[in-house]
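As a plain string of letters, each chain reads:
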Amino acid sequence: MFLNKIKNFFLFSFLILFFSVKANSQEKKIEGLAIITDGDTIKISNQKIRLFGIDAPEINQKCKKPFISISFLTLNKEYDCGVVSTNKLKKKIFNKEISCVVTTIDRYGRFIGECFYKNMNINSWMVENGYALAYLKYSKKFQNQEFNAKKNKLGIWQGPFEKPWDWRKKNRN
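Let me begin by describing the structure that accompanies this report. What you are looking at is a predicted structure, and each value in this text was computed from that prediction instead of being measured. (Residues numbered from 1 in each chain as written. Predicted model: local features only at pLDDT ≥ 70, side-chain atom pairs only at ≥ 80, totals over all residues. Heavy atoms only, no water.)

### Re the pairing of strand E7 (residues 97-105)
Line of reasoning, step 1. Where strand E1 (residues 28-38) lies against E7, 6 bridges are found, and the strand directions are antiparallel. Bridge pairing in E7 links glycine 32 to isoleucine 98.
Line of reasoning, step 2. By the bridge criterion, 6 bridges tie E7 to strand E8 (residues 111-117) in an arrangement that is antiparallel. Note on E8: the bridge partner recorded for serine 99 is phenylalanine 116. (Pairing = 2+ DSSP bridges. Helix = DSSP H or I, 4+ residues; strand = E, 2+ residues; numbered from the N terminus.)

Encoded structure:
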């Protein structure tokens, strides 16, 4: 009898967990003109949307890129890669109708989703051009785009940089 109660408890717990996860993973569509917050966050109609599966350099983050190469020696200069990432996203989708498919909300209350301009996946575009990294901790969806950007030395892959998640850990206030 005691074992039956335990089995029923676990079955009941599993069903509650299953249906609550299912309820939280409902897709929602948000459409409109986007305001760009940074390289991986936008706002549409006052709703903050974090671009799923990517992580862009932070606004205050610096990266390096080559500015002089002599034979075996390359000199790098610092640049504002977080600002560049943000500006590239602004230039790409400024004053355009954006459609986002969101599936969840993060601990900061932001929607997490994939956003599109017509048929172009904005999340993918940011990674494939080197303006953001694939956030492999959460998804492997954009790892091929990152591989190609790295191979072709696009965007932040031109020189040394700190991964955004490592930079945030070191620079928390």
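Additional details are given in the paragraphs that follow.
### Concerning helix H2 (residues 81-93)
Line of reasoning, step 1. With 13 residues, H2 extends 18 Å between its outermost C-alpha atoms, agreeing within 8% with the 18 Å of an ideal straight helix rising 1.5 Å per residue.
Line of reasoning, step 2. Directly beyond the C-terminal end of H2, a positive phi value near 60° is found at asparagine 95. (Expected span 1.5 Å × (residues − 1).)

### Topic: the state of the cysteines
Line of reasoning, step 1. In this structure the tally under the stated criterion is 2 disulfides.
Line of reasoning, step 2. Residue cysteine 63 pairs covalently with cysteine 81 via a disulfide, S to S 2.1 Å. Judged by the torsion about the S-S bond (60°), the cysteine 63/cysteine 81 disulfide is right-handed. Note that cysteine 63 is positioned in strand E5 (residues 63-70) and cysteine 81 in helix H2, a separation of 18 residues in sequence. Here the two residues cysteine 63 and cysteine 81 agree in accessibility, since each one is buried.
Line of reasoning, step 3. Sulfur-sulfur distance for the disulfide between cysteine 100 and cysteine 115 comes to 2.1 Å. Taking the sign of the S-S torsion, about 110° here, the bridge from cysteine 100 to cysteine 115 comes out right-handed. With a gap of 15 residues between them, cysteine 100 in strand E7 and cysteine 115 in strand E8 connect regions that are remote in the sequence.
Line of reasoning, step 4. For cysteine 115, a relative accessible area of 0% translates into the label buried.
Line of reasoning, step 5. Taking only the cysteines that form disulfides and numbering them from first to last, the protein has the pattern 1-2, 3-4. (Disulfide = S-S within 2.5 Å. Buried < 20%, exposed > 50% of the residue type's maximum accessible area, 1.4 Å probe, protein only.)

Distances and angles like these do not, on their own, reveal function.
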